[in-house]
Each structure stands twice: as C-alpha cells, then as structure tokens.
Amino acid sequence: MDTKAFKRSLNSSENYHRKGFGHEAEVSGQMQSEYQSNLIQQIRENNYVLKRGEVTIRLAEAFGFCWGVERAVAMAYETRQHFPTERIWITNEIIHNPSVNQRLRDMQVNFIPVEQGIKDFSGIDQGDVVILPAFGASVQEMQLLNDKSCTIVDTTCPWVSKVWNTVEKHKKNRYTSIIHGKHNHEETVATSSFAGTYLIVLNLAEAQYVADYILQGGDRQEFMAKFSRACSQGFDPDRDLQQVGIANQTTMLKGETEQIGKLFERTMMQRYGPDQLNQHFLSFNTICDATQERQDAMFQLVEEKLDLMVVIGGYNSSNTTHLQEIAIERGIPSYHIDSGDRLGPGNRVEHKPLHSELEVQENWLPEGPIVVGITSGASTPDKVVATVIEKIFELKGAVAIA
Ligand code: SF4
C-alpha cells in the first residue's frame, strides 16, 4: 500500500478529524476536576517536597500526564460531547492508565473486542465514530475504518506522527528502518505499518547483535529466529542491512536510543568508510520531549538520599517501566504500582518488579523517618499520585497539618 498517499487522502476526508470540536473550555474544567489534585499542586509549589510526621515525599520535577496524553484524553471527551448519540469506539486503550480507560467506558465509549490477540472490528457500522489513541493505530486499521465510512477521530500524538514521517523517509530512500522499541507495543506496531523494510530492536544488546552481523556476518537462521516477530515480511539480513535509518518508540530510554543510533553510525562507518556514511546511515531526532524531561527528572531525583521509590503508572506503560529501571540501576528499592489500591491493608504493597509478575510484599515501608521518591508515567493523572501519597502518610500515621 502507498501509505503516504493513503494518509494524504485520509487527511482531506471530511470524516477524519485531528483536532477537537470546539468544546475545549467545558472539557478542560471536567478534566481538571477528574484528574488534577490540590495536594500535588501544593507539593509542586513547595519545591516538590512535602514533609508530614516521619515521612518526607520528594516528587520528581517532571512527572505524570504529558502534553500528548492530555490532548488525546481531551479529544476523546470532546468527541463524546460532539457526538452525544452516535456509537463511539476506541481501537485500543486511549492511554495506559486503567482509571482513564474506565472513565471512557463509563461515558459509553466501546473498546474494540480482542479475541486471541486479534481485534474484531465486525461490530463497527457505517456512521460509527472511532477514536484512535495517543500512540496511534496501524495504517491497515485506519484503512479498514475508512472503508467502513466511519468518522475517525485521530488523537495520535504529533511526536508519534513525526516518527511515522521518519520511517516514510527511510522507505522512500530505500533504507531499512531500525526501530528501537517493543515489537508488540501499539505504537511500534503502528510505526512499523508505515515503514517499508524494518527491524525492531528492543535494547542495546540486540542492536549490538545486528551491528556484529553487519560487520562480520553470522548465522542467518539464528538471526531470523531471534527477530522472527520483529521484522518486515521477507526480511533478509544479508540484503537488508546495507542501508539503515534509525527510528524509535517515543517512550524508550532516551540514552539507549542515542547509544543505538551512535552504534549504527559507527558500524556503517567502519563497514563502508566515513566518506560513504551518508549513503548507508540516516538518523533524525525523534525522542519526545516529555519522555526526555521525565527521565531527566528521574536521574536528578535518584541523586537524592531516598529510602525507597514509588513509580506509578500502568503496568503496560513503557515510559513508566523505564522510570523504574533508572531507580533499580541506582540500587534504590523501587515499587511500580498502577494505583493507590495496591497499598494496604496495613503495611503491604502489591507491586510489579521489573520484568516479572505482580508480587505482594509485607512491611514495605521501613520504620522511623523515611524519604520516599515519587514519580509517575506520562499516562498517570495527578489524582492517582495524590492518593498514593495520602496512603503512605496514613500508613506511617502522618497526620495532615491544617
Ligand atoms: S510521551 Fe511523548 S509521544 Fe507519548 S503521548 Fe506523551 S508527548 Fe506524545
């Protein structure tokens, strides 16, 4: 499919909307009361610190809802207002936050059912309204919805669209897109649908494996087994790694994306010589500012003397997991939870250790004075963070001073 031509024709269709519908004022009031918190505002104004009793809370200086998420949720709310009687669907979670998704369900926004990993679009009829979430949708899904004459409300974050434009450029110039991301993450699925030839690498170790293959060759079968679910159809490592361009899932660790870019730049220089680099390597900066700011704030926070860290965000949220990684690398006990409901009863937490299943830990808050670092992923409303902080105070018997 000529994805660029399709996107162009979709952009000019009257059934396709990439902006709100003029209900900003009402929606902003509604979102403020549902998602904002006075406590968090107070902590922000107090230099991101709040002390009560034996507990000192240190908040990261950038955390929570990013611009793209706020925009997507506001557009979804506006869509409900603008189409009060139409059936509304969303192709995926709008963002990776259970409470926000539940709120949309309460507003009668239907989620496309998924059967054994495959989405079932059969319930969608002509005239239905379909929202595409902040991390986008694959071009095949967009085409299907367009063919069904649905009204499409596209909340894809412009930072994500920027990555799509990047892989389109790779494709046009016949470069293979090397995408730093998770092959099954919705955003990377969408990005790869716009790419021509592509290979998805999860981390620096996988990137190094590919770089070694470029320089020394290797076991083709092993290569294909390793990347079987992370490359374009018909991918051939011996043919398709001669010209490469870098792209990324916007929420990966910024430092790692940069290292991967540098690794391939060096590799192509070594393989083809510095004067041929531009014919074999392309790179554009597609790291989103919000991801960068949250990670930078986390690096700053872990320099403080913290007894423990609480990282709040959806369990399938990639940017939240990366924040957690930063704390763990510094050897700080870190608890990833998705809401205040994971705390208690008593001094107990149900949390998700990195790369493993949920686990319950008793006596997680140490006795005596403690300093707790707090951050949250880009999909987490301030209200959820405030609930967690209040519960920590409660557990430690710290009473609010009026
Ligand atoms: S994290 Fe960045 S790319 Fe993702 S929605 Fe927020 S602003 Fe957009």
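Refer to the structure presented above.
This report concerns the structure included in the present document. Everything numeric in this text was worked out from a predicted model, so none of it was measured.

**Section: the overall build of the protein chain**
Link 1 in the chain: A tally of helices and strands in the protein chain yields 15 helices and 18 strands.
Link 2 in the chain: For the protein chain, the C-alpha radius of gyration of 23 Å lies close to 21 Å, the compact-globule estimate for 402 residues.
Link 3 in the chain: Taken along its principal axes, the extent of the C-alpha atoms in the protein chain is 65 × 55 × 35 Å.
Link 4 in the chain: Every one of the 402 residues in the protein chain was classed for burial, and the buried ones make up 42%.

**Concerning the pairing of strand 8 (residues 129-132)**
Link 1 in the chain: Every second residue of strand 8 is oriented toward a common face, with Val-129 and Ile-131 on one face and Val-130 and Leu-132 on the other, all of them buried.
Link 2 in the chain: The pairing of strand 4 (residues 88-90) with strand 8 spans 3 bridges and is parallel. Bridging across to strand 8, Ile-88 finds its partner in Val-129.
Link 3 in the chain: Where strand 8 meets strand 9 (residues 151-154), 4 bridges bridge the pair, whose relative direction is parallel. Among the inter-strand pairings, Ile-131 is bridged to a residue of strand 9, identified as Val-153.
Link 4 in the chain: Chirality of the crossover, the property in question, places the unit of strand 8, helix 6 (residues 139-147) and strand 9 among those that are right-handed.

**Here's the deal with the packing of helix 9 (residues 204-216) against helix 11 (residues 254-272)**
Link 1 in the chain: Axis separation between helix 9 and helix 11 bottoms out at 10 Å; the angle between their running directions is 5 degrees. On the basis of the axis angle, helix 9 is roughly parallel to helix 11. Listed contacts from helix 11 to Leu-204, Ala-207, Gln-208, Ala-211, Ile-214 and Leu-215 of helix 9 are Glu-256, Gln-259, Ile-260, Leu-263, Phe-264, Thr-267, Gln-270 and Arg-271.
Link 2 in the chain: Tallied by class, residues from the contact of helix 9 with helix 11 come to 8 nonpolar, 4 polar and 2 charged.

**Focus: the site of the ligand**
Link 1 in the chain: The local shell around the ligand holds 15 residues, among which Cys-66, Gly-68, Cys-157, Trp-159 and Cys-288 are the closest.
Link 2 in the chain: Looking at the shell around the ligand, the elements with two or more residues in it are helix 4 (67-82), helix 7 (158-172) and helix 13 (289-301).
Link 3 in the chain: Examining the composition of the shell around the ligand, we find that 3 residues originate from one element, helix 4, more than from any other.
Link 4 in the chain: Of the residues in the shell around the ligand, the class split is 10 nonpolar, 5 polar and no charged.

**Describing the sheet that holds strand 9**
Link 1 in the chain: Spatially, the 5 strands line up as an open sheet ordered 1-9-8-4-5, and their pairing is parallel. The open sheet has two free edges, formed respectively by strand 1 (16-17) and strand 5 (109-111), since each of these has just one partner strand.
Link 2 in the chain: The strands that helix 4 touches are strand 4, strand 5, strand 8 and strand 9; relative to strand 8, the one it contacts most, it runs at about 175 degrees.

**Remarks on helix 15 (residues 382-395)**
Link 1 in the chain: Across its 14 residues, helix 15 extends 20 Å between first and last C-alpha, which sits within 8% of the 20 Å expected from 1.5 Å per residue.
Link 2 in the chain: Of all the residues in helix 15, the buried ones are Asp-382, Val-384, Val-385, Val-388, Ile-389, Ile-392 and Phe-393.
Link 3 in the chain: Two residues or fewer after helix 15 comes Gly-397, characterised by a positive phi angle close to 65 degrees.

**A word on the sheet that holds strand 12 (residues 244-248)**
Link 1 in the chain: Across the sheet, 4 strands lie side by side as 11-10-12-13; this open sheet has parallel pairing. Each edge of the open sheet carries a strand with a single partner, namely strand 11 (198-201) and strand 13 (281-283). Looking at each pair of strands side by side, their axes are set apart by 25 degrees on average, direction ignored.
Link 2 in the chain: Across 3 bridges, the pairing between strand 12 and strand 13 is parallel. Across the sheet, residue Ile-246 finds its bridge partner in strand 13, namely Ser-283.
Link 3 in the chain: Running over the sheet, helix 7 touches strand 10 (176-180), strand 12 and strand 13 and is turned about 170 degrees from strand 12.
Link 4 in the chain: Against the sheet, helix 11 makes contact with strand 10, strand 11, strand 12 and strand 13, and its axis sits at roughly 180 degrees relative to strand 12, the strand it touches most.

The rules behind the values
- Residues numbered from 1 in each chain as written.
- Predicted model: local features only at pLDDT ≥ 70, side-chain atom pairs only at ≥ 80, totals over all residues.
- Helix = DSSP H or I, 4+ residues; strand = E, 2+ residues; numbered from the N terminus.
- Rg over C-alpha atoms; globule rule 2.2 N^0.38 Å.
- Buried ≥ 20, exposed ≤ 12 C-beta atoms within 10 Å, placed from the backbone.
- Pairing = 2+ DSSP bridges.
- Right-handed = clockwise from strand over helix to strand, strands pointing away.
- Axes fitted to C-alpha atoms, helices over the stretch in contact; angles between N-to-C directions.
- Parallel < 35°, antiparallel > 145°, perpendicular 65-115°, else oblique.
- Contact = placed C-beta atoms within 7 Å.
- Nonpolar A, V, L, I, M, F, W, Y, C, P; charged D, E, K, R; others polar.
- Near = placed C-beta within 6 Å.
- Expected span 1.5 Å × (residues − 1).

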